[in-house]
Amino acid sequence: MLFLAEMEVRLPPDMPAEHADELKAREREYSQAAQRDGRWPHLWRVAGRYANVSVLDVGSIDELHELLSGLPLFPYLDIRVTPLARHPNAIDRGESDV
Ligand SMILES: O=C(O)CC1=CCC(=O)O1
């Protein structure tokens, strides 16, 4: 199942820089593991914003919630999720499900 996830990062301005850096390092490790195992096929920075647009490929809504809520930055993310269905006019480019 594919989902579009739009995430806005809202770190409190008074968060100590070392804590923010530690969270960001853990976030990178976590999301790169999910990218490697195929659950996070797309991760794009939104130009000009501390935000990303992602495509997530998971087996269930519960797995989606588990993946998102496990993000170290989760308490500081505004996340909007949209389920994706195959477009009838999409050309099959031989990619798995994207
Ligand atoms: O967009 C960000 O910086 C937050 C984030 C989500 C996954 C990731 O690696 O970073």
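Structure: above.
A brief structural summary. All values derive from a computational prediction rather than experimental measurement.

Once that is clear, we can look at the pattern of salt bridges. Summed over all chains, the structure comprises five salt bridges. Between D37 and R39 there is a salt bridge, with its nearest N and O atoms 3.0 Å apart. Here D37 falls in the partly exposed class, since its relative accessible area comes to 46%. When its relative accessible area of 25% is taken as the criterion, R39 is described as partly exposed.

Now for helix α1 (residues 17-36). Here α1 contains 20 residues, and its C-alpha end-to-end distance of 28 Å stays within 8% of the 28 Å for a straight helix at 1.5 Å per residue. Within α1, burial applies to A20, L23, E27, S31 and A34. For α1, the angular spread of buried residues about the axis comes to 65 degrees, placing them on one side. Exposed and oriented more than 90 degrees from the buried face of α1 are E18, R28, E29 and R36. Count one or two residues on from α1 and you reach G38, which has phi positive near 90 degrees.

Spatially, the four strands line up as an open sheet ordered β2-β3-β1-β4, and their pairing is antiparallel. Of all the strands in the sheet, just β2 (42-45) and β4 (77-84) have a single pairing partner and so form its edges. The mean angle between the axes of side-by-side strands here comes to 15 degrees, regardless of whether they run parallel or antiparallel.

Turning our attention to helix α2 (residues 61-69). All of the buried residues in α2 are L64, L67 and L68. Take α2 and look down its axis: the buried residues cluster within an arc of 90 degrees, on one side only. Relative to its buried face, α2 has exposed residues pointing more than 90 degrees away, namely D62, H65 and E66. Taken together, the buried residues of α2 touch β1 (2-9), α1, β3 (51-57) and β4.

This part covers the nonpolar core. Within the largest apolar cluster, 17 residues are counted, with the highest numbers of intra-cluster contacts made by M7, W40, L56, L64, L68, L71 and L77. At the level of elements, β1, α1 and α2 are the ones that each hand at least two residues to this core. Top element by residues in this core is β1. It accounts for four residues.

Taken together, V9, E27, S31, W40, L43, R45, Y50 and N52 form the complete shell of residues around the ligand. Between S31 and the ligand, the recorded distance is 2.7 Å, taken from a side-chain N or O atom to an oxygen atom. The side chain of R45 places a nitrogen or oxygen atom 2.7 Å from an oxygen atom of the ligand. Coverage of the ligand by the protein amounts to 90% of the 280 Å² it exposes when considered alone. The set of elements that each furnish at least two residues to the shell around the ligand consists of α1 and β2. Of the residues belonging to the shell around the ligand, the class tally is four nonpolar, two polar and two charged.

Here is what the cut-offs are and how they apply
Residue numbering note: each chain is counted from 1, following its sequence as written. Only residues with pLDDT of at least 70 are given local features in this predicted model, and only at 80 or more are side-chain atom pairs given and counted; all residues enter the totals for whole chains, interfaces and linings. Hydrogen atoms and water are omitted, and side-chain values are computed over all heavy atoms in the structure. When a carboxyl oxygen of Asp or Glu lies within 4 Å of a side-chain nitrogen of Lys or Arg, that pair is called a salt bridge. Relative accessibility thresholds used throughout: buried, under 20% of the residue-type maximum; exposed, over 50%; partly exposed, between the two (1.4 Å probe, protein chains only). Secondary structure elements follow DSSP: runs of H or I no shorter than four residues count as helices, runs of E no shorter than two count as strands, and numbering proceeds from the N terminus. Given the number of residues in a helix, its expected span is that number minus one, multiplied by 1.5 Å. The directions from the helix axis to the C-beta atoms are what the arc is built from. Pairs of strands are assigned from DSSP output, requiring at least two bridges between the strands. Only the contacting stretch of a helix is used when fitting its axis, a line to C-alpha atoms as for every element, and angles between N-to-C directions run 0 to 180 degrees. Any two residues whose heavy atoms approach within 4.5 Å at even a single point are treated as in contact. Definition used in this section: a nonpolar core is a set of buried Ala, Val, Leu, Ile, Met, Phe, Trp, Tyr and Cys residues joined via side-chain atoms within 4.5 Å. We define proximity as follows: a residue is near a molecule or strand when any one of its heavy atoms falls within 4 Å of that partner. Counted as a polar contact is a pair of N or O atoms within 3.5 Å, where, for protein atoms, one must be capable of donating a hydrogen and the other of accepting one, and residues adjacent in sequence contribute only when both atoms are in side chains. Each accessible area is a Shrake-Rupley result for a 1.4 Å probe, and residues are judged covered by the shown protein chains and nothing else. Think of it as three bins: nonpolar holds Ala, Val, Leu, Ile, Met, Phe, Trp, Tyr, Cys and Pro, charged holds Asp, Glu, Lys and Arg, and polar takes everything else, Gly as well.

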